[in-house]
Amino acid sequence: MSLSLLTSNGYPTFEAEKRLYSQGVRPIAGVDEAGRGPLAGPVIAAAVILPEVLDESLKEWLAPLNDSKKLRQKIREELFMTLTTHPQVDWALGEASVEEIGNLNILRATALAMHRALLGLKRKPAYALIDGLPVNNLPVPQSALIGGDGLSMSIAAASVIAKVSRDRIMDGLDQSFPCYGFARHRGYGTAEHLKKLNQYGPCKHHRRGFKPVDQASFSF
């Protein structure tokens, strides 16, 4: 199924979901990932089913919702709390570990994390809206939207949940391995991270197969 969407105000809308509802397709899950590009840590996917009709209070709480990369951390955290505690929002996380990333490659590991997220939902979705390109082997039919986290509210909600969840994982790794600065760069290949990687060598949470990691000797 092909969906073509544009937003006029720079915020995601419910139009993709409404088009599917009008065809009798429900429930619909938005799916996005966080952590595909870093040199360390797992890749996390989130799947979210928003209520078909948003009540006024939920509309107000979700008004700032957007691609998580465009949001300040405080706003992301507030949206995360709303989405993960609201009784009408069904959500689930899927994770692919560093070991799975090394064994499968990052694209296949990301697909695995998305598959797990969809299977973790309480309600079985009839359809998935995916951020980016089509994903193989998902358990439900899908439409892939380039820049979907800025187009679809369901995908944007998944973007926020995935991003905050992964950031918290990296904060935890920072406590165990403070020399790398994971809490600041979240495992991405920043100048600081590359410097520390060359200084201390990779730890067990770094991704084998990623060139900057492979160029250093493992120290843990």
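Note that this is a predicted model, so its numbers are computed, not measured.

**Looking at unusual backbone geometry**
A cis amide bond links R26 with the next residue in sequence, P27, at an omega value of -5°. Mapping P27 onto the fold places it in the loop between helix 1 (15-22) and strand 1 (28-34). Phi is positive for R186, close to 60°, though the residue is something other than glycine. Topologically, R186 is positioned in the loop between helix 7 (182-185) and helix 8 (191-200).

**Concerning the pattern of salt bridges**
Applying the stated criterion to the full structure yields 12 salt bridges. Residue K74 is joined to E78 by a salt bridge in which the shortest nitrogen-to-oxygen separation is 2.5 Å. One end of the pair is K74 and the other is E78, both in helix 3 (residues 73-85) and 4 residues apart, which spans about a single turn. The class of E78 is partly exposed, set by a relative accessible area of 39%. Residue D167 pairs with K163 through a salt bridge whose shortest N-O separation is 3.3 Å. Of this pair, D167 and K163 both sit in helix 6 (residues 153-176), separated by 4 residues, roughly a single helical turn. The network of salt bridges with shared partners includes R76, K163, D167, D171 and R186.

**Remarks on the packing of helix 3 against helix 6**
Contact geometry of helix 3 with helix 6 gives a least axis separation of 9 Å together with a crossing angle of 110°. Classified by the angle between their axes, helix 3 and helix 6 sit roughly perpendicular to one another. For the pair helix 3 and helix 6, the sense of crossing is left-handed. Contacts from R76, E77, L79, F80, L83 and T84 in helix 3 reach A157, V160, I161, K163, V164, S165, D167 and R168 in helix 6. A class-by-class count of the residues in the contact of helix 3 with helix 6 yields 7 nonpolar, 2 polar and 5 charged.

Rules of the game
- Residues numbered from 1 in each chain as written.
- Predicted model: local features only at pLDDT ≥ 70, side-chain atom pairs only at ≥ 80, totals over all residues.
- Heavy atoms only, no water.
- Helix = DSSP H or I, 4+ residues; strand = E, 2+ residues; numbered from the N terminus.
- Salt bridge = Lys/Arg side-chain N within 4 Å of Asp/Glu carboxyl O.
- Buried < 20%, exposed > 50% of the residue type's maximum accessible area, 1.4 Å probe, protein only.
- Axes fitted to C-alpha atoms, helices over the stretch in contact; angles between N-to-C directions.
- Parallel < 35°, antiparallel > 145°, perpendicular 65-115°, else oblique.
- Left-handed = near helix turned anticlockwise from the far one by under 90°.
- Contact = heavy atoms within 4.5 Å.
- Nonpolar A, V, L, I, M, F, W, Y, C, P; charged D, E, K, R; others polar.

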